[in-house]
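# Structural overview
Each chain, letter by letter, is given below.
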Amino acid sequence: DGGITQSPKYLFRKEGQNVTLSCEQNLNHDAMYWYRQDPGQGLRLIYYSQIVNDFQKGDIAEGYSVSREKKESFPLTVTSAQKNPTAFYLCASSMFSSNQPQHFGDGTRLSIL
Amino acid sequence: RKEVEQDPGPFNVPEGATVAFNCTYSNSASQSFFWYRQDCRKEPKLLMSVYSSGNEDGRFTAQLNRASQYISLLIRDSKLSDSATYLCVVNGRTGGFKTIFGAGTRLFVKA
């Protein structure tokens, strides 16, 4: 089955630690995205990538980093510079066209220990 | 003004009721529109695309009004399982490709 896989489902971070969230898709989608959602809030864009080896900052990129070495993979690193990382992180992908919707993975919940 | 605005609700309706949500957008160059459903602590899932001529999928009807810059979602014969948050999504090209998610409208359907 085609889809988007995020792992792990739950992640705990210690102070000063970097953690990496995985996102893999087998939909052959060009574009991939990372969002953050806080309780009771909407989605906020962290980073997005429209092609391999290229990515753009979203609205809240500070304290995060990404890479896009392969079309199917778009990992997100939450660095120690992100002082309030506790949130629900969602990865999405789409064909690169303004007429195509995004499809989401089932998310990773990150908490601080 | 937010680029995409929705009434946060909550809308509390009895089973079998008809309920409608509106979503306004500010960029007149927006090109495509979608409704997503998000259950508590889950990922958003595509409910339906919104076409200029309006479209229907079972109990759900979506409409687009470009002149007034809003889209709507109508749910007929509400079910308990329709309880969720409904997100309005707008795609456009303003200095590059951009997708904007509304903050969502919460719906509770009661027995």
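Read on for a plain summary of the structure.

Definitions and cut-offs
Every chain is numbered independently, its residues counted from 1 as its sequence is written. By the order in which they are written, chains take letters starting at A while ligands take numbers starting at 1. For this predicted model, a pLDDT threshold of at least 70 governs which residues receive local features, and a threshold of 80 or more governs which side-chain atom pairs are given and counted, while totals over whole chains, interfaces and linings are taken from all residues. By convention in this description, side-chain values take in all heavy atoms of the structure and omit both hydrogens and water. Strands are runs of DSSP state E lasting at least two residues, helices are runs of H or I lasting at least four, and both sets are numbered from the N terminus onward. Based on C-alpha atoms, the radius of gyration is set beside the globule rule, defined as 2.2 Å times the residue count to the power 0.38. Note on classification: 1.4 Å probe, protein chains only; a residue is buried when its accessible area is under 20% of the maximum for its type, exposed when over 50%, partly exposed between these limits. Contact definition: two residues touch when any of their heavy atoms are within 4.5 Å. Salt bridges are defined by distance alone: a side-chain nitrogen of Lys or Arg within 4 Å of a carboxyl oxygen of Asp or Glu. Whenever a nitrogen or oxygen atom comes within 3.5 Å of another N or O atom, the pair is scored as a polar contact, on the condition that within protein one atom can donate a hydrogen and the other can accept it, and that pairs from neighbouring residues in sequence are kept only if both atoms are in side chains. For this classification, the nonpolar set comprises Ala, Val, Leu, Ile, Met, Phe, Trp, Tyr, Cys and Pro, the charged set comprises Asp, Glu, Lys and Arg, and every other residue, Gly included, is treated as polar. Residues forming no salt bridge and having over 30% relative accessible area are the ones grouped into patches, like charges within 9 Å of each other and nonpolar side chains (Val, Leu, Ile, Met, Phe, Trp, Tyr) within 5 Å. What sets the accessible areas is the Shrake-Rupley method with a 1.4 Å probe; for residues, cover comes only from the shown protein chains. Here, two cysteine sulfur atoms that lie within 2.5 Å of each other are counted as a disulfide.

Our next topic: the overall build of chain A. For chain A, the helix and strand inventory stands at 0 helices and 11 strands. Each helix and strand of chain A, ordered N terminal to C terminal, gives the series β-β-β-β-β-β-β-β-β-β-β. Expected size for 113 residues packed as a compact globule is a radius of gyration near 13 Å; at 13 Å, chain A falls within 12% of this value. Within chain A, buried positions represent 50% of all 113 residues.

Time to look at the interface of chain A and chain B. At the junction of the two partners, chain A supplies 21 residues and chain B supplies 17 residues. Applying the counting rule to chain A against chain B returns 0 salt bridges. Across the chain A-chain B interface, the total number found is 5 residue pairs in polar contact (both at pLDDT 80 or more). Of all the secondary-structure elements, those providing two or more residues to the side of chain A that touches chain B are strand E4 (31-37), strand E5 (43-51), strand E9 (87-94) and strand E10 (103-104) of chain A. When its residues are assigned to classes, the side of chain A that touches chain B shows 9 nonpolar, 10 polar and 2 charged.

Now for a nonpolar patch on the surface. Together, Tyr10(A), Phe12(A) and Leu113(A) give the surface a local cluster of nonpolar side chains, amounting to about 370 Å² of exposed area. As for its position among the elements, Tyr10(A) is in strand E2 (residues 10-13).

Further remarks concern the side chain of Thr108(A). Residues and elements named next belong to chain A. Relative to the helices and strands, Thr108 is located in strand E11 (residues 108-112). By relative accessible area, Thr108 is classed as buried at 0%. Reaching out from Thr108, the side chain makes a polar contact with the backbone oxygen of Pro8 at a distance of 2.6 Å. If near-sequence neighbours (up to four positions away) are discounted, Thr108 is found in contact with Gln6, Ser7, Pro8, Lys9, Leu11, Leu21, Ala87, Phe88 and Tyr89.

Let's shift gears to the pattern of salt bridges. Applying the stated criterion across every chain yields a total of 9 salt bridges over all chains. Between Lys71(A) and Asp30(A) there is a salt bridge, and its shortest N-O distance comes to 3.6 Å. Placement of Lys71(A) in the loop between strand E7 (64-66) and strand E8 (76-78) and of Asp30(A) in the loop between strand E3 (19-25) and E4 is noted, with a sequence separation of 41 residues between them. Accessibility expressed as a relative area gives 27% for Lys71(A), which makes it partly exposed. Between Arg76(B) and Glu56(B) there is a salt bridge whose closest N-O contact spans 3.5 Å. Separated by 20 residues along the polypeptide, Arg76(B) in the loop between strand E8 (70-75) and strand E9 (84-93) and Glu56(B) in strand E6 (residues 55-57) bring together distant segments of the chain.

Using the criterion set out here, one finds 2 disulfides over all chains in the structure. Here Cys23(A) is linked by a disulfide to Cys91(A), with a sulfur-sulfur distance of 1.9 Å. On the sign convention where negative is left-handed, the bridge of Cys23(A) and Cys91(A), at about -75° about the S-S bond, is left-handed. With Cys23(A) in strand E3 and Cys91(A) in strand E9, this residue pair connects regions lying 68 residues apart in the sequence. Covalent S-S linkage joins Cys23(B) and Cys88(B), the inter-sulfur distance amounting to 1.9 Å. Since a negative S-S torsion denotes a left-handed disulfide, the Cys23(B)-Cys88(B) link at about -65° is left-handed. In this pair, Cys23(B) sits in strand E3 (residues 19-25) while Cys88(B) sits in strand E9, placing the two residues 65 residues apart along the sequence.

The omega torsion across Ser7(A) and Pro8(A) is -5°, close enough to zero to call that bond cis. In this structure, Asn53(A) is a non-glycine residue whose phi angle is positive, near 65°. In this fold, Asn53(A) is placed in the loop between E5 and strand E6 (54-57). Residue classification places Asn53(A) among the exposed residues on the basis of a relative accessible area of 62%. One non-glycine residue, Arg41(B), adopts positive backbone phi at about 65°. With respect to the helices and strands, Arg41(B) occurs in the loop between strand E4 (32-38) and strand E5 (44-50).

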